[in-house]
Amino acid sequence: MMFSRVVIALLLLFSLPADASNCKALLKEHLQSDLTLPYSEFDQTHGKGWRLLTDQYCDLGAAKLIERYVEKNAASESSLIWHIAQARASAGKYRSAIKYAKRSLAPPEKDAKTKFRWNDYVLGTIAFLEKDKAALIKHRDVLDTEKDSHFGNKMNLKLLNSFIHYYDKSYKYALDHAQSL
């Protein structure tokens, strides 16, 4: 009986979000080690770069790390800008998340030439953050129509569906629960 209480206490301890001081220390550590990583490791590899901060619930720190990476490396990959938007939204900083999300939009002529409906996903996410349900549904419907034309559309459709299902919840909550739908 006592052993099971200890195990439960330990599980709770290790599943709690990091406190602000831990996030500051983690950010400081990664500012020293990660700014020289190649883009593929910093941004595209799970368990590396900014993702290590989000894994510890340090979303705002992750956004700041990516911002510094972009600045230091003059990086132009739009995924970095999008990941700043996601991290800021996860931290509840919707206004700045929307600013970065808009910067990640593909030029309309480029977006029109691909089957991947990136802009509809981004605009649907912005609509969720702005609490514009009609726009969110409009962009979700485009992804639904195009879900079989590109594998990314199906994945992003799941996220927009989660934003609709959990419309009254936070971005982070809806994102974290997308797989349960």
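Residues numbered from 1 in each chain as written. Predicted model: local features only at pLDDT ≥ 70, side-chain atom pairs only at ≥ 80, totals over all residues. Heavy atoms only, no water.

(A) Quick look at the packing of aromatic side chains. For the structure shown, the criterion picks out nine aromatic pairs. The interplanar angle of 80 degrees and the centroid separation of 5.3 Å between the aromatic rings of W82 and W118 together place this pair among those described as edge-to-face. Note that W82 is positioned in helix 6 (residues 78-90) and W118 in helix 9 (residues 118-130), a separation of 36 residues in sequence. Take W118: its relative accessible area is 17%, and that puts it in the buried class. Between F163 and Y171 the ring centres are 5.4 Å apart and the planes differ by 35 degrees, which places this aromatic pair in the tilted class. (Phe/Tyr/Trp six-rings, centres within 6.5 Å; stacked < 30°, edge-to-face > 60°. Helix = DSSP H or I, 4+ residues; strand = E, 2+ residues; numbered from the N terminus. Buried < 20%, exposed > 50% of the residue type's maximum accessible area, 1.4 Å probe, protein only.)

(B) Spatial organisation of the state of the cysteines. Using the criterion set out here, one finds one disulfide in the structure. Covalently, C23 is tied to C58 through a disulfide, its sulfur atoms 2.1 Å apart. Taking the torsion about the sulfur-sulfur bond, which here is approximately -80 degrees, the covalent link between C23 and C58 counts as left-handed. Highlighted residues: C23 in helix 2 (residues 20-33) and C58 in the loop between helix 4 (51-55) and helix 5 (59-73), separated in sequence by 35 residues. Taken as a pair, C23 and C58 share a single burial class, namely buried. (Disulfide = S-S within 2.5 Å.)

(C) Quick look at the nonpolar core. In terms of nonpolar packing, the biggest core is built from 48 residues, with F42, F128 and L136 touching the most fellow members. In this structure, F42 is in contact with D34, L37, K48, G49, W50, L65, I66, Y69 and L80, ignoring residues within four places of it in sequence. (Core = buried A, V, L, I, M, F, W, Y, C linked by side-chain atoms within 4.5 Å. Contact = heavy atoms within 4.5 Å.)

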